[in-house]
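Below, each chain spelled out in residue letters.
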Amino acid sequence: MNNCQDTNRVPYLLDIRSLFLLLSRARNPIMPLIKPQHTISTFLVALCLALGILACPAWGEEADETLGLFSAWQEEASTASRAPKPLSQTAENVTVVTAPEIEAINAHTLADVLDTIPGIQIQHNGGPGITAYTFIQSTDFIHTQVYVDGVSITNVSSGFSDVSLIPANIIERVEIVKGAASSAWGQALGGVINVITKSPERGRTISGTATASIGERTTTDDSLELSGARGRLGYYLSGSLLDSKGVLPNTRIDSNRAYAKLAYDLPNHGQLWGTYFYTHADMGDLHAPAPAYDLDEKPDKLFMLGSLGVRYPLGDRLELEVSGHHSFNRTNNSYFNISDGAIWSWQTSLPTSIVKEQVSGASAKLVWRGENNLLVAGSDYNHLELFNNSSDGSTVSPFTRRVDRWGIYLNDTVTVGPVSVTPGVRFDHTQTAGDQFSPSIGATWQLTGATLLRAYTARGYGLPVLGLTDSPSVKIWTTQVGAESSAIPYIWAKGTLFRNQTWGNTVEQHMALGTELEIRTIPVWNTSLGTGYTFTDTTRTSDGNEVNNYARHTVQVALRYNDKTYRGVLTGRHIFWNSDPSENGHYGGLLWDLHLGATLLKRENSSLEVFFSAHNLFNGAQYYFDQIPNPGRWFEGGMRVRF
Amino acid sequence: MRILAAFIFSCALLFPLVADAYDVLVLQSRRDPAFDEALSGFRTGRNLSERLIVLADYVDVDITRIVREDQPALVLALGDKALEATRKLRQTPVVALISLGIHNRHTSHSNLTGIDMFAAPERYLTLFQGMRKHRIGLIFHPAKSGWYVQQARQIAQRMGIELVLREVSVPRDTLFHLSSLAGKVDALWMLPDSTAVTRETVEAYFRFSQEHNVPVVSFASAYLGLGAAAVLEIDRTELGRQAGDMSSAILKGAEASDIPLAYPHRVLLKTNPSVLKHLGITAEQAIMNPRE
């Protein structure tokens with residue numbers, strides 16, 4: 001990973017949290033493999049998995065309304081559960097989250113959603129909307145690529161993708177690829193989070209949702225969504241405000257977000273679309289008192305993204321998709337001493353670090369659907385412009401960089417009977433970190449109707465942050481094998497073993513061996529249980545010693561109830577961060593959140609819903625670094641009107 | 001590296017082009033004999049390749065993604081959940097069966113067609129005519145069955161039958177409206193309306209029938225045992241066959257938007273002799289319609 005990056009250059013390029021992370025990684029302590037905390041976490045893992053496995057067998061299921069009506073509710077016989085087949089034939093380790101699941105947890109931003117996904121670790125700097133860091137299978141957060149409708153929102157100057165900037169209400173689904181996905185996406189060493197936004201509601205000229213919530217410390221999240229279509233033209237509009245005095249001291253936020261999508265249906269199943277995404281957040285992000293840091297950090301983030309695309313079939317089997325995008329990303333970080341309000345010592349003469357980024361790009365993709373294979377050939381081009389008012393942490397020397405990057409790729413999915421093979425290659429010209437060749441190959445095998453096997457191996461890369469000087473890329477070779485099965489009645493289980501070998505000219509070679517396990521039950525009396533566990537053992541290849549600061553155990557558990565009128569979700573999560581002992585991290589037990597909702601009025605096209613959330617029910621402490629504790633117990637509630 | 005690259009290209013380009021695609025993606029809400037009957041009818045006499053997905057078998061299933069990747073020529077949706085799962089599909093034709101939501105959704109989804117779960121209104125009205133019933137009570141939810149009631153009213157006028165209509169917006173209103181029909185109707189027409197007829201209110205229809213000596217004509221044989229005098233029941237196998245004809249037309253190039261929603265072709269009249277006898281209606285009157 002980037003343990004040996006030049007930390008003297010880093011401060012102005014990354015926000016301060018990134019700085020802390022990089023500093024702690026640079027220390028590279030050698031830790032014994034056995035720690036007392038492991039016993040606790042192992043117990044928790046065993047308990048959660050046991051809960052999942054011991055779920056009561058189901059003997060009923062929700063009936064179809066029509067079928068019930070025609071049978072006079074006399075034929076609701078129980079049926080045996082079968083194993084879910086994979087959601088797709090993809091060989092990669094993919095997780096999909098949909099809008100109903102997001103609403104069930106009263107999520108404010110994408111960060112809240114990702115908290116519940118096995119294999120992902122999120123570090124929050126505060127409450128909703130405050131900076132959050134995403135780690136996939138314990139790879140570094142700068143290697144997680146986040147896309148909104150296929151366009152990257154990742155900061156080119158820091159490699160950071162702030163998932164707290166994306167409001168949850170605009171999300172239709174999130175597709176997460178865990179593990180290197182460079183053969184399709186280019187720079188994607190850790191994985192890809194692709195946010196697919198809501199589409200226009202067809203069949204109604206106007207429909208919408210108004211949501212308002214309020215919680216402790218005047219934490220409010222209000223949004224209005226409008227959607228509809230007239231003829232071939234459809235629209236989806238969303239505006240929202242997220243404000244808080246800070247559920248943690250000094251982490252206030254004042255943010256507003258807007259999203260618009262227009263879609264026009266062309267003849268012959270083609271489509272023309274345009275999107276615009278705007279998000280602005282003024283917040284307090286970090287408050288690290290003296291004597292350790294005496295630091296107050298206040299970022300002001302602005303991100304805008306516009307895209308235009310067209311998809312059109314060129315024949316029965318061939319489809320062309322072309323799109324263009326432009327994004328503007330500005331981050332102003334102000335650093336002051338808490339004690340006297342003076343400029344923080346690292347920020348000599350600079351009250352505010354300013355980073356402005358503009359990315360203009362285009363993508364083209366040809367999709368050929370053969371009788372037994374799906375061939376995708378495409379290219380991406382991006383022109384990056386970066387302005388930074390300082391090149392390092394001690395001198396003031398504003399600089400501008402302009403970089404052109406392009407890549408071409410070819411991916412195929414060949415299906416022969418129950419077996420699908422997915423080879424892929426991509427070539428990228430990065431200009432700043434050499435040329436990159438990223439191959440991959442994977443396969444799925446539908447072993448039985450209840451069991452699917454999956455294997456995937458790929459080489460990927462991650463780019464260093466774009467600064468005044470260039471650094472070589474970081475490489476990874478990932479191999480993942482796994483299975484999905486519901487051979488056990490009423491239970492769906494997915495297990496994955498992964499091996500990630502990471503290296504680079506400025507990075508010590510690491511080997512991360514791990515496993516991921518997910519278990520979910522089908523609903524029993526409208527209630528289901530889900531658990532997830534991820535274990536990663538990261539060692540230095542040279543001496544075999546464990547490397548700190550990569551999460552070792554991650555546990556997620558969720559108990560869900562939904563009878564269409566009342567719903568409730570109880571979630572628990574535990575991340576054994578395995579941070580350097582000097583960080584004084586604290587991560588015992590699980591953090592529990594309870595989300596409740598009730599639909600009070602329900603009509604054909606309208607409804608009124610109230611919801612309530614209790615965060616960190618038992619006031620648990622779970623943080624990587626004692627300067628950034630997690631919020632304690634806090635409550636919020638609200639209502640949602642659909643029309 | 002070169003060996004791997006060569007292997008990947010070989011896989012991509014040289015794999016045998018064995019046909020493994022399919023024509024129809026069958027989405028079934030859950031496992032149920034009613035769906036099996038419809039599906040067997042759909043398959044009769046046709047050799048369409050298909051992939052069957054039973055939604056209840058899955059914790060989660062992503063239909064949009066499956067359709068995007070598998071590219072079936074059409075989707076056959078059996079049941080409400082299956083129809084709901086196709087909501088996001090806008091390009092792929094969808095033929096829907098055994099769902100009461102087809103009609104309302106059809107107006108907004110040009111790629112959707114299918115067969116309603118209502119027998120044609122004239123079939124019921126002919127039956128009432130045969131029973132010599134001329135004031136028919138009918139409780140319905142305007143948003144769910146309004147379109148059907150409107151058609152029924154026009155046909156009833158031509159046939160000299162008066163429909164005494166009561167609109168409900170929530171199930172509990174049904175009890176009130178039933179009591180308001182006392183003395184004003186000589187038969188009750190029970191529609192497949194999930195607001196007007198619920199598990200909680202269904203008995204009230206038959207209580208009304210007994211108390212006021214009027215027959216209830218319903219839509220499924222399951223209600224005969226509860227006290228319905230007669231039902232017009234949809235033949236599910238024929239329903240599937242009818243859907244198969246629609247699908248064949250689509251596979252031959254017709255647009256789903258050009259194929260209108262249809263009433264079920266084959267509807268069977270079934271009666272409860274003891275109820276009819278109690279009400280003084282002869283079986284001959286009930287089955288006078290020669291088309292049954």
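Keep in mind it's a predicted model, so treat the numbers as computed, not measured. (Residues numbered from 1 in each chain as written. Chains lettered and ligands numbered in written order. Predicted model: local features only at pLDDT ≥ 70, side-chain atom pairs only at ≥ 80, totals over all residues. Heavy atoms only, no water.)

## A closer look at the overall build of chain A
Helix and strand counts for chain A stand at six helices and 34 strands. Looking at chain A as a whole, 60% of its 643 residues are labelled buried. Put simply, of all contacts in chain A between residues at least 6 apart along the chain, 61% involve residues at least 24 apart. Accessible surface for chain A amounts to roughly 23100 Å². Of this, 61% is attributable to carbon and sulfur atoms. (Helix = DSSP H or I, 4+ residues; strand = E, 2+ residues; numbered from the N terminus. Buried < 20%, exposed > 50% of the residue type's maximum accessible area, 1.4 Å probe, protein only. Contact = heavy atoms within 4.5 Å. Areas by Shrake-Rupley, 256 points an atom, 1.4 Å probe, with all protein chains shown as cover.)

## Considering the overall build of chain B
If you tally the helices and strands in chain B, you get twelve helices and eleven strands. Looking at chain B residue by residue over its 292 residues, the buried ones come to 57%. Of the contacts made within chain B by residues no fewer than 6 positions apart, 69% connect residues no fewer than 24 positions apart. Summed over all atoms, the accessible surface of chain B reaches about 12300 Å², with 52% contributed by carbon and sulfur.

## Side note on the sheet that holds strand β8 (residues 191-197) of chain A
Within the open sheet, the five strands sit side by side as β2-β7-β8-β5-β6 (chain A). Their pairing is mixed. This sheet does not close on itself; its edge strands, each paired only once, are β2 (93-98) and β6 (151-152) of chain A. (Pairing = 2+ DSSP bridges.)

## With respect to the side chain of B:S209
All names here are of chain B. In this structure, S209 sits in helix α9 (residues 202-212). Relative accessible area serves as the criterion here: at 4%, S209 is assigned to the buried category. Leaving out residues up to four positions away in the same chain, S209 has contacts with V214, P215 and V216.

## Quick word on the environment of A:Y533
Residue and element names in this part refer to chain A. Of note, Y533 is situated in strand β26 (residues 527-540). Residue class for Y533 comes out buried when judged on its relative accessible area of 13%. When the C-alpha positions of Y533 and H553 are compared, they lie 7.3 Å apart, and in sequence the two are 20 residues distant. Separated by 2.8 Å, the side chains of Y533 and H553 make a polar contact. (Polar contact = N/O pair within 3.5 Å; in protein donor to acceptor, adjacent residues only side chain to side chain.)

## So, the side chain of A:Q480
All names here are of chain A. Along the polypeptide, Q480 turns up in strand β23 (residues 474-485). Here N93 takes part through its side chain, which lies 3.4 Å from a polar atom of the side chain of Q480. A distance of 3.1 Å separates a polar atom in the side chain of Q480 from the backbone oxygen of K178. Sequence-distant contacts of Q480, that is, excluding residues within four places in its chain, are made with N93, Q137, K178, G179, R454, A455, Y456, T496, L497 and F498.

## Some points on the sheet that holds strand β7 (residues 162-167) of chain B
All names here are of chain B. Read from one edge of the open sheet, six strands run β7-β6-β8-β9-β10-β11, paired in mixed fashion. Of all the strands in the sheet, the pair left with one neighbour each is β7 and β11 (267-271). Averaged over all neighbouring strand pairs, the angle between strand axes comes to 20 degrees, with direction disregarded. Bridge analysis of strand β6 (residues 135-140) against strand β8 (residues 187-189) gives three bridges, and the strand direction is parallel. (Axes fitted to C-alpha atoms, helices over the stretch in contact; angles between N-to-C directions.)

## Some points on the pattern of salt bridges
All names here are of chain A. One pass over the structure, following the stated rule, counts 36 salt bridges over all chains. We note a salt bridge from D300 to R330, for which the minimum N-O separation is 3.6 Å. Linking D300 in strand β15 (residues 295-313) with R330 in strand β16 (residues 318-336), this pair joins segments that are 30 residues apart in sequence. Side by side, D300 and R330 carry an identical accessibility label, which is buried. For R311, the salt bridge goes to E321, with nearest N and O atoms at 3.8 Å. You can see R311 sitting in strand β15 and its partner E321 sitting in strand β16, a full ten residues away along the chain. Within this structure, E103, R567, E609, R640 and R642 form a network of salt bridges that share partners. (Salt bridge = Lys/Arg side-chain N within 4 Å of Asp/Glu carboxyl O.)

## Considerations on the packing of aromatic side chains
Residue and element names in this part refer to chain A. Inspection of every chain in the model, using the stated rule, returns 24 aromatic pairs over all chains. Both rings, one in F576 and one in Y587, keep their centres 5.1 Å apart while their planes meet at 70 degrees; by these two values the pair is edge-to-face. Of this pair, F576 sits in strand β29 (residues 566-576) while Y587 is found in strand β30 (residues 586-587), placing the two residues eleven residues apart along the sequence. The class for F576 is buried, based on a relative accessible area of 1%. (Phe/Tyr/Trp six-rings, centres within 6.5 Å; stacked < 30°, edge-to-face > 60°.)

## Examining the confidence of the model for chain A
All names here are of chain A. Across chain A, the average pLDDT comes to 83, with 84% of residues at or above 70. Predicted confidence is poor over residues 1-62, with pLDDT under 50, and the contacts of this stretch with residues over four places away or in other chains come to 169 contacts. Every residue in residues 75-88 scores below 50 in pLDDT, and together they form 51 contacts with partners more than four places removed in sequence or on other chains. (pLDDT = per-residue confidence, 0-100.)

## Considerations on unusual backbone geometry
Residue and element names in this part refer to chain A. Between A290 and P291 the backbone carries a cis peptide bond, its omega angle lying at 5 degrees. The residue P291 is located in the loop between β14 (286-288) and β15 in this model. Of note, the phi angle at N584 is positive, near 55 degrees, even though the residue is not glycine. On the secondary structure map, N584 appears in the loop between β29 and β30. Phi is positive for N616, which is not a glycine, with a value near 50 degrees.

## Things to note about helix α3 (residues 63-70) of chain B
Along α3(B), the residues classified as buried are B:I63, B:R65, B:I66 and B:V67. Check the buried side of α3(B) and you find it contacts β2 and β7 (171-178) of chain A together with β1 (24-28), β2 (50-54), β3 (74-78) and α4 (80-85) of chain B. Immediately beyond the C-terminal end of α3(B), within one or two residues, lies B:Q71, with a positive phi of roughly 50 degrees.

## A word on the pairing of strand β10 (residues 219-230) of chain A
All names here are of chain A. Pairing geometry for strand β9 (residues 207-215) and β10, over nine bridges, is antiparallel. Residue S213 lies in a different strand from β10, and its bridge partner there is D221. Remark: three residues form the turn of the hairpin made by β9 and β10, two consecutive strands paired antiparallel; R217 in that turn has positive phi of roughly 55 degrees. The pairing of β10 with strand β11 (residues 233-244) spans eleven bridges and is classified as antiparallel. When the bridges of β11 are listed, T220 appears paired with D243. Here β10 hands over to β11 after two residues, with G231 in that stretch at a positive phi of 65 degrees.

## Brief notes about the nonpolar core
Ranked by internal contacts, the top residues of the largest apolar core, which has 84 residues, are B:L76, B:W189 and B:Y223. Of the residues forming this core, the biggest block, six residues, is contributed by helix α7 (residues 142-159) of chain B. Residue contacts for B:L76: discarding those within four places in its chain leaves B:V24, B:L25, B:V26, B:L27, B:L39, B:F42, B:V95, B:L97 and B:A243. Counting 33 residues, the second-largest nonpolar core is a separate cluster that includes A:V113, A:A168, A:V174 and A:F303. (Core = buried A, V, L, I, M, F, W, Y, C linked by side-chain atoms within 4.5 Å.)

## Here we look at helix α6 (residues 121-130) of chain B
Residues and elements named next belong to chain B. Here α6 lies mainly inside the structure; eight of its ten residues are buried. Buried residues of α6: P121, R123, Y124, L125, T126, L127, F128 and G130, and no others. Where α6 ends, the next residue or the one after it, R132, has phi of about 60 degrees, a positive value.

## So, the pairing of β11(A)
The two faces of the sheet receive side chains in turn, since in a regular strand these alternate between them. Both β11(A) and strand β12 (residues 253-266) of chain A contribute to a ladder of twelve bridges, which runs antiparallel. By the bridge assignment, A:Y235 is partnered in β12(A) with A:L262.

## Some words on the packing of helix α8 (residues 173-180) of chain B against α9(B)
All names here are of chain B. Two numbers describe how α8 lies on α9: the axes approach to 10 Å, and their chain directions differ by 15 degrees. Compared by their axis directions, α8 and α9 come out roughly parallel. Where α8 crosses over α9, the handedness of that crossing is right-handed. When α8 is examined against α9, the residues T174, L175 and L178 are found in contact with a partner set consisting of A204, Y205 and F208. Its residues placed into classes, the contact of α8 with α9 shows five nonpolar, one polar and no charged. (Parallel < 35°, antiparallel > 145°, perpendicular 65-115°, else oblique. Left-handed = near helix turned anticlockwise from the far one by under 90°. Nonpolar A, V, L, I, M, F, W, Y, C, P; charged D, E, K, R; others polar.)

## Details of the environment of A:D300
Residue and element names in this part refer to chain A. Judged by its relative accessible area of 18%, D300 is buried. As for D300 and G284, which are separated by 16 residues in sequence, their C-alpha atoms are 8.7 Å apart. Discounting residues that sit within four places of it in the chain, D300 has contacts with H280, A281, D282, R330, T331 and N332. A distance of 2.9 Å separates a polar atom in the side chain of D300 from a polar atom in the side chain of H280.

## Regarding the packing of α6(B) against α7(B)
Residue and element names in this part refer to chain B. The contact between α6 and α7 brings their axes to 9 Å, and the two run at 40 degrees. The orientation of α6 relative to α7 falls into the category oblique. Here α6 and α7 pass one another in a crossing that is right-handed. Where α6 abuts α7, its residues P121, E122, Y124, L125, T126 and Q129 lie against Y148, Q151, A152, I155, A156 and M159. For the contact of α6 with α7, the per-class residue count stands at eight nonpolar, three polar and one charged.

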